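Here's the letter readout for the chains.
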Amino acid sequence: MSVTDFTLPGTVWVASDIHLARQVPETCRVFYAFLAEAAVHADALILAGDIFDAWIGDDAAIHNPEPWLQEAIGHLSATAQKIPLFIGHGNRDFLMGSDLAGLLGATLMPDATLFHTDAGPIHISHGDELCTHDVPFQRFRKVSHHPLVKRLFLALPLRLRRAIARRARKTSMHAHGTKPMYLMDVAHEAISDVFRKHPALIHMVHGHTHKPKCHQFEDQGTQRCRWVLPDWEWDHPPFRGGYLSISAAGVSMHDFAAPAHTHDQAV
(Lines give C-alpha, C1' and ligand atoms only; values in the text may rest on other atoms or scores of the structure.)
Protein backbone atom coordinates (compact mmCIF):
# COMPACT_ATOMS: atom_id res chain seq x y z
CA MET A 1 0.00 0.00 0.00
CA SER A 2 1.45 3.35 -1.03
CA VAL A 3 1.62 6.12 1.55
CA THR A 4 1.18 9.84 0.90
CA ASP A 5 2.98 12.43 3.05
CA PHE A 6 1.60 15.69 4.46
CA THR A 7 3.27 18.23 6.73
CA LEU A 8 1.04 19.61 9.48
CA PRO A 9 2.68 21.92 12.05
CA GLY A 10 0.90 23.18 15.15
CA THR A 11 -1.92 21.41 16.96
CA VAL A 12 -3.67 18.64 15.03
CA TRP A 13 -6.86 16.93 16.15
CA VAL A 14 -7.85 13.46 14.91
CA ALA A 15 -11.22 11.72 15.20
CA SER A 16 -13.01 8.86 13.47
CA ASP A 17 -16.03 6.56 13.56
CA ILE A 18 -18.66 9.23 14.01
CA HIS A 19 -21.17 7.40 11.79
CA LEU A 20 -23.26 10.45 10.93
CA ALA A 21 -26.75 9.49 9.75
CA ARG A 22 -30.36 10.61 9.89
CA GLN A 23 -31.04 8.08 12.66
CA VAL A 24 -28.53 9.59 15.14
CA PRO A 25 -29.48 13.26 15.58
CA GLU A 26 -27.84 13.62 19.03
CA THR A 27 -24.55 12.19 17.79
CA CYS A 28 -24.69 14.63 14.90
CA ARG A 29 -25.34 17.60 17.19
CA VAL A 30 -22.53 16.71 19.59
CA PHE A 31 -20.13 16.17 16.70
CA TYR A 32 -21.02 19.56 15.21
CA ALA A 33 -20.12 21.11 18.58
CA PHE A 34 -16.80 19.27 18.34
CA LEU A 35 -16.20 20.72 14.88
CA ALA A 36 -16.78 24.22 16.25
CA GLU A 37 -14.25 23.54 19.04
CA ALA A 38 -11.72 22.19 16.56
CA ALA A 39 -12.03 25.28 14.39
CA VAL A 40 -11.04 27.41 17.39
CA HIS A 41 -8.42 25.28 19.15
CA ALA A 42 -6.79 23.17 16.44
CA ASP A 43 -4.62 24.12 13.47
CA ALA A 44 -5.89 21.17 11.43
CA LEU A 45 -8.48 18.40 11.76
CA ILE A 46 -8.20 14.84 10.46
CA LEU A 47 -11.28 12.62 10.23
CA ALA A 48 -9.96 9.10 9.72
CA GLY A 49 -12.91 7.29 8.20
CA ASP A 50 -16.48 6.24 8.95
CA ILE A 51 -17.43 9.87 9.17
CA PHE A 52 -20.73 8.72 7.70
CA ASP A 53 -22.55 5.52 8.62
CA ALA A 54 -22.95 4.85 4.90
CA TRP A 55 -21.92 6.63 1.72
CA ILE A 56 -23.62 5.75 -1.53
CA GLY A 57 -21.90 8.32 -3.74
CA ASP A 58 -20.95 11.99 -3.83
CA ASP A 59 -23.95 12.79 -6.02
CA ALA A 60 -26.21 12.10 -3.03
CA ALA A 61 -24.58 15.07 -1.29
CA ILE A 62 -24.44 17.36 -4.31
CA HIS A 63 -27.88 16.89 -5.88
CA ASN A 64 -30.77 17.58 -3.48
CA PRO A 65 -29.26 16.02 -0.33
CA GLU A 66 -31.47 14.89 2.54
CA PRO A 67 -31.85 17.54 5.29
CA TRP A 68 -29.55 15.77 7.78
CA LEU A 69 -26.87 15.41 5.11
CA GLN A 70 -27.22 19.04 4.06
CA GLU A 71 -26.67 20.03 7.69
CA ALA A 72 -23.59 17.79 7.97
CA ILE A 73 -22.11 19.25 4.81
CA GLY A 74 -22.70 22.75 6.13
CA HIS A 75 -20.85 22.09 9.40
CA LEU A 76 -17.95 20.27 7.73
CA SER A 77 -17.49 22.94 5.07
CA ALA A 78 -17.66 25.71 7.70
CA THR A 79 -14.84 23.96 9.57
CA ALA A 80 -12.80 23.60 6.38
CA GLN A 81 -13.09 27.34 5.81
CA LYS A 82 -11.30 27.98 9.11
CA ILE A 83 -8.70 25.19 9.36
CA PRO A 84 -7.37 22.49 7.00
CA LEU A 85 -9.74 19.53 7.03
CA PHE A 86 -8.64 16.05 5.98
CA ILE A 87 -11.19 13.30 5.36
CA GLY A 88 -10.29 9.63 5.05
CA HIS A 89 -12.13 6.56 3.88
CA GLY A 90 -13.62 4.09 6.34
CA ASN A 91 -15.21 0.74 5.64
CA ARG A 92 -18.63 2.47 5.69
CA ASP A 93 -17.80 5.51 3.53
CA PHE A 94 -15.06 4.27 1.19
CA LEU A 95 -17.04 5.70 -1.74
CA MET A 96 -16.33 9.28 -0.68
CA GLY A 97 -14.60 10.95 -3.60
CA SER A 98 -13.03 14.11 -4.93
CA ASP A 99 -16.43 15.71 -5.62
CA LEU A 100 -17.32 15.59 -1.92
CA ALA A 101 -13.87 16.84 -0.93
CA GLY A 102 -14.29 19.74 -3.33
CA LEU A 103 -17.76 20.51 -1.98
CA LEU A 104 -16.40 20.61 1.56
CA GLY A 105 -13.13 22.35 0.74
CA ALA A 106 -11.36 19.40 2.34
CA THR A 107 -8.44 17.16 1.37
CA LEU A 108 -9.30 13.53 0.64
CA MET A 109 -6.67 11.32 2.26
CA PRO A 110 -5.34 8.11 0.75
CA ASP A 111 -6.08 4.98 2.76
CA ALA A 112 -2.67 5.23 4.44
CA THR A 113 -1.17 8.65 5.18
CA LEU A 114 2.03 9.77 6.87
CA PHE A 115 1.70 13.14 8.60
CA HIS A 116 4.86 15.01 9.59
CA THR A 117 3.82 16.79 12.78
CA ASP A 118 5.49 18.66 15.64
CA ALA A 119 5.33 15.35 17.55
CA GLY A 120 7.18 13.57 14.73
CA PRO A 121 5.91 11.41 11.86
CA ILE A 122 2.54 9.78 12.51
CA HIS A 123 0.90 7.12 10.36
CA ILE A 124 -2.89 7.51 10.17
CA SER A 125 -5.44 5.20 8.57
CA HIS A 126 -8.96 4.00 9.29
CA GLY A 127 -7.74 0.62 10.50
CA ASP A 128 -9.94 -1.87 8.64
CA GLU A 129 -7.02 -2.67 6.35
CA LEU A 130 -5.11 -3.88 9.42
CA CYS A 131 -7.69 -6.56 10.34
CA THR A 132 -5.98 -9.12 8.14
CA HIS A 133 -7.10 -12.17 10.16
CA ASP A 134 -10.62 -11.59 8.83
CA VAL A 135 -10.02 -13.10 5.40
CA PRO A 136 -13.64 -12.88 4.11
CA PHE A 137 -13.79 -9.18 5.06
CA GLN A 138 -10.46 -8.46 3.37
CA ARG A 139 -11.66 -10.29 0.25
CA PHE A 140 -14.85 -8.19 0.22
CA ARG A 141 -12.81 -5.05 0.85
CA LYS A 142 -10.55 -5.76 -2.11
CA VAL A 143 -13.45 -6.43 -4.48
CA SER A 144 -15.61 -3.51 -3.32
CA HIS A 145 -12.70 -1.06 -3.58
CA HIS A 146 -11.89 -2.07 -7.15
CA PRO A 147 -12.38 0.96 -9.46
CA LEU A 148 -14.60 -0.99 -11.87
CA VAL A 149 -16.87 -2.27 -9.09
CA LYS A 150 -17.18 1.25 -7.67
CA ARG A 151 -18.03 2.69 -11.09
CA LEU A 152 -20.72 0.05 -11.64
CA PHE A 153 -22.28 0.70 -8.23
CA LEU A 154 -22.23 4.48 -8.67
CA ALA A 155 -23.97 4.10 -12.03
CA LEU A 156 -27.04 2.63 -10.31
CA PRO A 157 -30.02 4.86 -9.43
CA LEU A 158 -29.82 6.49 -5.99
CA ARG A 159 -32.88 4.65 -4.71
CA LEU A 160 -31.34 1.27 -5.57
CA ARG A 161 -28.02 2.27 -4.00
CA ARG A 162 -29.80 3.23 -0.77
CA ALA A 163 -31.58 -0.13 -0.70
CA ILE A 164 -28.32 -2.00 -1.24
CA ALA A 165 -26.63 0.04 1.50
CA ARG A 166 -29.44 -0.77 3.97
CA ARG A 167 -29.20 -4.47 3.20
CA ALA A 168 -25.41 -4.42 3.47
CA ARG A 169 -25.69 -2.69 6.85
CA LYS A 170 -28.03 -5.40 8.19
CA THR A 171 -25.71 -8.12 6.91
CA SER A 172 -22.72 -6.40 8.50
CA MET A 173 -24.47 -6.10 11.88
CA HIS A 174 -25.34 -9.80 11.82
CA ALA A 175 -21.79 -10.77 10.90
CA HIS A 176 -20.41 -8.53 13.66
CA GLY A 177 -22.48 -10.40 16.21
CA THR A 178 -21.29 -13.84 15.14
CA LYS A 179 -17.59 -13.33 14.39
CA PRO A 180 -14.92 -14.14 16.99
CA MET A 181 -13.55 -10.95 18.54
CA TYR A 182 -9.98 -11.52 17.32
CA LEU A 183 -11.16 -11.39 13.70
CA MET A 184 -12.52 -7.87 14.21
CA ASP A 185 -9.30 -6.55 15.73
CA VAL A 186 -6.07 -5.55 14.03
CA ALA A 187 -3.40 -8.17 13.40
CA HIS A 188 -0.01 -7.77 15.07
CA GLU A 189 1.68 -8.72 11.81
CA ALA A 190 -0.07 -5.87 9.98
CA ILE A 191 1.01 -3.39 12.66
CA SER A 192 4.62 -4.60 12.55
CA ASP A 193 4.59 -4.29 8.77
CA VAL A 194 3.75 -0.57 9.03
CA PHE A 195 6.63 0.08 11.42
CA ARG A 196 8.97 -2.05 9.31
CA LYS A 197 8.20 0.10 6.27
CA HIS A 198 8.75 3.29 8.31
CA PRO A 199 11.61 2.62 10.77
CA ALA A 200 11.59 6.19 12.14
CA LEU A 201 7.90 5.94 13.01
CA ILE A 202 6.96 6.00 16.70
CA HIS A 203 3.22 6.66 16.56
CA MET A 204 0.49 5.16 14.43
CA VAL A 205 -3.20 6.04 14.72
CA HIS A 206 -6.32 4.23 13.56
CA GLY A 207 -9.98 3.80 14.38
CA HIS A 208 -12.43 1.12 13.21
CA THR A 209 -12.26 -1.26 16.19
CA HIS A 210 -14.06 1.08 18.63
CA LYS A 211 -11.56 0.10 21.35
CA PRO A 212 -9.85 3.38 22.32
CA LYS A 213 -6.49 2.88 23.93
CA CYS A 214 -2.80 3.67 23.65
CA HIS A 215 -0.93 0.41 23.07
CA GLN A 216 2.76 0.76 23.94
CA PHE A 217 5.10 -2.01 22.86
CA GLU A 218 8.59 -2.69 21.58
CA ASP A 219 9.07 -3.43 17.89
CA GLN A 220 12.44 -3.85 16.18
CA GLY A 221 14.15 -2.66 19.35
CA THR A 222 12.20 0.62 19.50
CA GLN A 223 9.31 1.67 21.74
CA ARG A 224 6.22 2.26 19.60
CA CYS A 225 2.73 3.61 20.29
CA ARG A 226 -0.46 2.48 18.56
CA TRP A 227 -3.34 4.85 19.28
CA VAL A 228 -6.87 3.55 18.73
CA LEU A 229 -9.48 6.27 18.27
CA PRO A 230 -12.89 6.11 20.01
CA ASP A 231 -16.19 5.88 18.20
CA TRP A 232 -18.97 8.43 18.74
CA GLU A 233 -22.37 7.56 20.20
CA TRP A 234 -24.73 10.07 21.83
CA ASP A 235 -28.11 8.59 20.94
CA HIS A 236 -27.86 5.43 23.05
CA PRO A 237 -25.91 4.79 26.25
CA PRO A 238 -23.13 4.43 27.01
CA PHE A 239 -22.59 7.94 25.58
CA ARG A 240 -19.11 8.53 24.25
CA GLY A 241 -16.90 10.39 21.82
CA GLY A 242 -13.36 11.69 21.73
CA TYR A 243 -10.32 12.64 19.76
CA LEU A 244 -6.55 12.63 19.66
CA SER A 245 -4.47 15.82 19.89
CA ILE A 246 -1.01 16.02 18.35
CA SER A 247 1.38 18.89 19.05
CA ALA A 248 4.93 19.70 20.12
CA ALA A 249 3.87 18.61 23.61
CA GLY A 250 3.20 15.09 22.33
CA VAL A 251 0.18 12.92 21.56
CA SER A 252 -2.77 12.57 23.92
CA MET A 253 -6.31 11.18 23.96
CA HIS A 254 -9.28 13.27 25.07
CA ASP A 255 -12.94 12.60 25.77
CA PHE A 256 -15.31 15.14 24.28
CA ALA A 257 -18.00 16.44 26.63
CA ALA A 258 -21.43 16.92 25.14
CA PRO A 259 -22.81 20.47 25.29
CA ALA A 260 -24.98 21.03 28.38
CA HIS A 261 -28.18 21.41 26.36
CA THR A 262 -27.72 18.01 24.72
CA HIS A 263 -28.70 14.81 26.50
CA ASP A 264 -29.57 16.24 29.90
CA GLN A 265 -30.10 12.64 31.05
CA ALA A 266 -26.37 11.97 30.57
CA VAL A 267 -25.44 14.59 33.17
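Structural data are supplied above this passage.
So, a few notes on the structure that sits alongside this text.

## Concerning the overall build of the protein chain
Of regular secondary structure, the protein chain possesses 8 helices and 12 strands. Here the C-alpha atoms of the protein chain give a radius of gyration of 18 Å, agreeing with the 18 Å that 2.2 N^0.38 yields for 267 residues. The burial tally for the protein chain puts 49% of its 267 residues in the buried class. The contacts of the protein chain with a sequence gap of at least 6 include a subset with a gap of at least 24, amounting to 68%. Within the structure as shown, the protein chain displays about 13,000 Å² of accessible surface, and the carbon and sulfur contribution to it stands at 57%. Computed over 24 positive and 28 negative side-chain charges, the separation of the two mean positions in the protein chain equals 9 Å.

## Quick word on the sheet that holds strand 1 (residues 4–8)
Read across the sheet, 6 strands follow the order 1-6-7-8-10-9 without closing on themselves; strand pairing throughout is mixed. One side of each edge strand has no neighbouring strand; the edge strands of this open sheet are strand 1 and strand 9 (213–219). Averaged over all pairs of adjacent strands, the angle between their axes in this sheet comes to 25°, without regard to strand direction. Two elements, strand 8 (residues 203–206) and strand 10 (residues 222–228), share 4 bridges in a ladder whose sense is parallel. Bridge assignment links histidine 203 to a residue of strand 10, and that residue is cysteine 225.

## What about the pairing of strand 9?
Pairing of strand 9 with strand 10, which is carried by 7 bridges, proceeds in the antiparallel orientation. Across the sheet, glutamine 216 pairs through a bridge with cysteine 225, a residue of strand 10. Counted between consecutive antiparallel strands, the loop separating strand 9 from strand 10 contains 2 residues, among which glutamine 220 sits at a positive phi close to 55°.

## What to know about the packing of helix 1 (residues 25–41) against helix 3 (residues 67–80)
In the contact formed by helix 1 and helix 3, the axes pass within 9 Å of each other and the chain directions differ by 15°. Comparing their axes, helix 3 and helix 1 come out roughly parallel. Helix-helix and strand crossings are classified by hand; for helix 1 and helix 3 the assignment is left-handed. Facing Phe31, Tyr32 and Leu35 of helix 1, the residues of helix 3 in contact are Trp68, Glu71, Ala72, His75, Leu76 and Thr79. For the contact of helix 1 with helix 3, the class distribution of residues is 6 nonpolar, 2 polar and 1 charged.

## A short note on the nonpolar core
Soluble, globular proteins show a tendency: their nonpolar side chains are buried together. Counting 43 residues, the largest nonpolar core has Phe31, Phe34 and Phe52 as its most contacted members. Of all elements in the fold, only strand 2 (12–15), helix 1, strand 3 (44–47), helix 2 (59–62), helix 3, strand 4 (85–87) and helix 4 (98–104) reach the threshold of two or more residues within this core. At 7 residues, the largest contribution of residues to this core is made by helix 1. Not counting the four nearest positions on each side in its chain, phenylalanine 34 is found in contact with Trp13, Ala15, Leu45, Trp232, Tyr243 and Phe256.

## Section: unusual backbone geometry
The step from proline 237 to proline 238 runs through a cis peptide bond, and the omega angle for that step is 0°. Residue placement: proline 238 occurs in the loop between strand 10 and strand 11 (242–247). If you check the backbone angles, histidine 19 has positive phi at about 60° while not being a glycine. Classification of histidine 19 as buried rests on a relative accessible area of 11%.

## Observations regarding the pattern of salt bridges
This structure, assessed with the given rule, holds 10 salt bridges. Here glutamate 26 and arginine 29 are joined by a salt bridge, their closest N and O atoms 2.8 Å apart. Taken as a pair, glutamate 26 and arginine 29 lie in helix 1 at a separation of 3 residues, close to a single helical turn. Here glutamate 26 falls in the buried class, since its relative accessible area comes to 19%. Here arginine 29 falls in the partly exposed class, since its relative accessible area comes to 41%.

Cut-offs used in this document
- Residues numbered from 1 in each chain as written.
- Predicted model: local features only at pLDDT ≥ 70, side-chain atom pairs only at ≥ 80, totals over all residues.
- Heavy atoms only, no water.
- Helix = DSSP H or I, 4+ residues; strand = E, 2+ residues; numbered from the N terminus.
- Rg over C-alpha atoms; globule rule 2.2 N^0.38 Å.
- Buried < 20%, exposed > 50% of the residue type's maximum accessible area, 1.4 Å probe, protein only.
- Contact = heavy atoms within 4.5 Å.
- Areas by Shrake-Rupley, 256 points an atom, 1.4 Å probe, with all protein chains shown as cover.
- Lys, Arg positive; Asp, Glu negative; His and termini not counted.
- Charge placed at Lys NZ, Arg CZ, Asp CG, Glu CD.
- Pairing = 2+ DSSP bridges.
- Axes fitted to C-alpha atoms, helices over the stretch in contact; angles between N-to-C directions.
- Parallel < 35°, antiparallel > 145°, perpendicular 65-115°, else oblique.
- Left-handed = near helix turned anticlockwise from the far one by under 90°.
- Nonpolar A, V, L, I, M, F, W, Y, C, P; charged D, E, K, R; others polar.
- Core = buried A, V, L, I, M, F, W, Y, C linked by side-chain atoms within 4.5 Å.
- Salt bridge = Lys/Arg side-chain N within 4 Å of Asp/Glu carboxyl O.

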